[in-house]
Amino acid sequence: MANEHERSTVVVTGGTGYLAGWVISGLLERGHHVRTTVRDPSKTGRFRAAIGARTSAEAAASVELLRADLLDDEGWDAALAGADHVLHTASPTPFDTGADLIKTAREGTRRVLEAARAAVRRVVLTSSGVTAVPDDPETPATETMRSSPAQDAAHVYPDSKILAERDAWEIASATGLELTAVLPTFMQGPPVGAADRPGTIDVVRRLVHGKLPALPRIGWNVVDVRDVAELHILAMTNASAAGERFLGSGTFLWYADLARIIREALPAGAGKVPTRRMPDFAVKVLGHFNPQLAMVRHELGRKRLVDSSKAHHVLGWKSREVEETILDTARSILAAGAGK
């Protein structure tokens, strides 16, 4: 198995994604040769500019970009040929309107792992903290826990992650492929490229742009996307990670906490950040009309705990202070708005 100082060829799927940008930047900084798959080659110029701004133009130019789609067999064997490792970060998100999230996540995982089994040493799968949710909300989540799909419309995204990870372990068991799964919770932090794309940072975007009239009693275990990228690289290079799952979580914050952090540290940009609380009944009613609220309304008033000690102890992973994460996110969004 590779160690931290070994240079290798690494394939990162979904290269234009939020997490993938930081993964690719981290790999380039360590001297790895990076190959990445993209669904839309027309984004190549924007991708290289973003990566180059974080690393160097020379490093960005060295990245191989190959077209491959999670729903198409074509391209995957070529993308993985000669690779040492695969970091499978590509997966549909709740913001992919019109997409069949479960089909795309499961078929994409199958295509990547089946192409990888004859070619690479280890696959690191980007799963999700939703795949390790305890039945008892008072019990901290650990890697030993495995969620069951809810099989309803409000839980399509969690179900896609649960089923895709389940498929991955079944394929690994049947083929002998070396697999590691990373289970991040709610990722925040600045994107590598433009901060105007939909994604999890919409929770901060809605605050600073005044799109939220009041603060619902909803919270998340916030983790920095840059730290999650580092966790993927540690999972790739550490021999002890083979066959393991690693939760990557930071600090639990209520929506009101996010608002407070921004108001206190960035008063010039926080003029539209709400201060009022949204009554619980309003969240329940709006959840019938707002798909994003529908996904989280069952978590109303619930503080879930996550234990990431395994990643810290086994891999030496570290996570930054959550205030830094939120403020860097807000600054990137404010800067993007100022440039329009």
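Scroll up to find the structure this text is about.
Residues numbered from 1 in each chain as written. Predicted model: local features only at pLDDT ≥ 70, side-chain atom pairs only at ≥ 80, totals over all residues. Heavy atoms only, no water.

> Please explain the packing of aromatic side chains as it appears in this structure.
Geometrically, a pair of aromatic rings is defined through the distance of the ring centres and the angle of the planes. In this structure the tally under the stated criterion is three aromatic pairs. The interplanar angle of 15° and the centroid separation of 4.9 Å between the aromatic rings of F186 and W220 together place this pair among those described as stacked. Taken together, the residues span a long stretch of sequence, with F186 in strand β7 (residues 186-188) and W220 in strand β8 (residues 219-224) at a distance of 34 residues. Exposure remark for F186: the relative accessible area of 17% places this residue in the buried category. Considering the side-chain rings of W220 and Y255, the 5.0 Å spacing of their centres and the 75° angle between planes classify their relative orientation as edge-to-face. Of this pair, W220 sits in strand β8 while Y255 sits in helix α9 (residues 255-265), and the two are 35 residues apart along the sequence. Residue W220 is classed as buried on the basis of its relative accessible area of 12%. Ring pairs connect the aromatic residues F186, W220 and Y255, which therefore count as one cluster. Between the NZ or CZ atom of R226 and the centre of the ring of W22, over which it lies, the distance is 6.0 Å. (Phe/Tyr/Trp six-rings, centres within 6.5 Å; stacked < 30°, edge-to-face > 60°. Helix = DSSP H or I, 4+ residues; strand = E, 2+ residues; numbered from the N terminus. Buried < 20%, exposed > 50% of the residue type's maximum accessible area, 1.4 Å probe, protein only. Lys NZ or Arg CZ within 6 Å of the ring centre and 35° of its normal.)

> Looking at this structure, I do not really get the sheet that holds strand β10 (residues 251-254). What am I missing?
Across a sheet, strands are paired by hydrogen bonds formed along the backbone, either parallel or antiparallel in direction. Spatial ordering of the open sheet is given by β7-β8-β10, a layout of three strands whose pairing is mixed. The sheet is open, and its two edges are formed by β7 and β10, each paired on a single side. Averaged over all pairs of adjacent strands, the angle between strand axes in this sheet comes to 50°, irrespective of strand direction. Relative to β10, β8 is paired through four bridges, and the arrangement is antiparallel. When the sheet's bridge partners are listed, V222 is paired in β10 with T251. Against the sheet, helix α8 (residues 225-237) touches β7 and β8, its axis set at about 60° to β8. (Pairing = 2+ DSSP bridges. Axes fitted to C-alpha atoms, helices over the stretch in contact; angles between N-to-C directions. Contact = heavy atoms within 4.5 Å.)

> Help me understand the pattern of salt bridges, please; the structure alone is not making it clear to me.
Between side chains of opposite charge, pairing is possible as soon as their charged atoms come close. Summed over the entire model, instances satisfying the criterion amount to 23 salt bridges. What emerges from the salt-bridge pattern is a single network uniting D224, R226, D227, R320, E324, D328 and R331. (Salt bridge = Lys/Arg side-chain N within 4 Å of Asp/Glu carboxyl O.)

The analysis is restricted to geometry; functional conclusions fall outside its scope.
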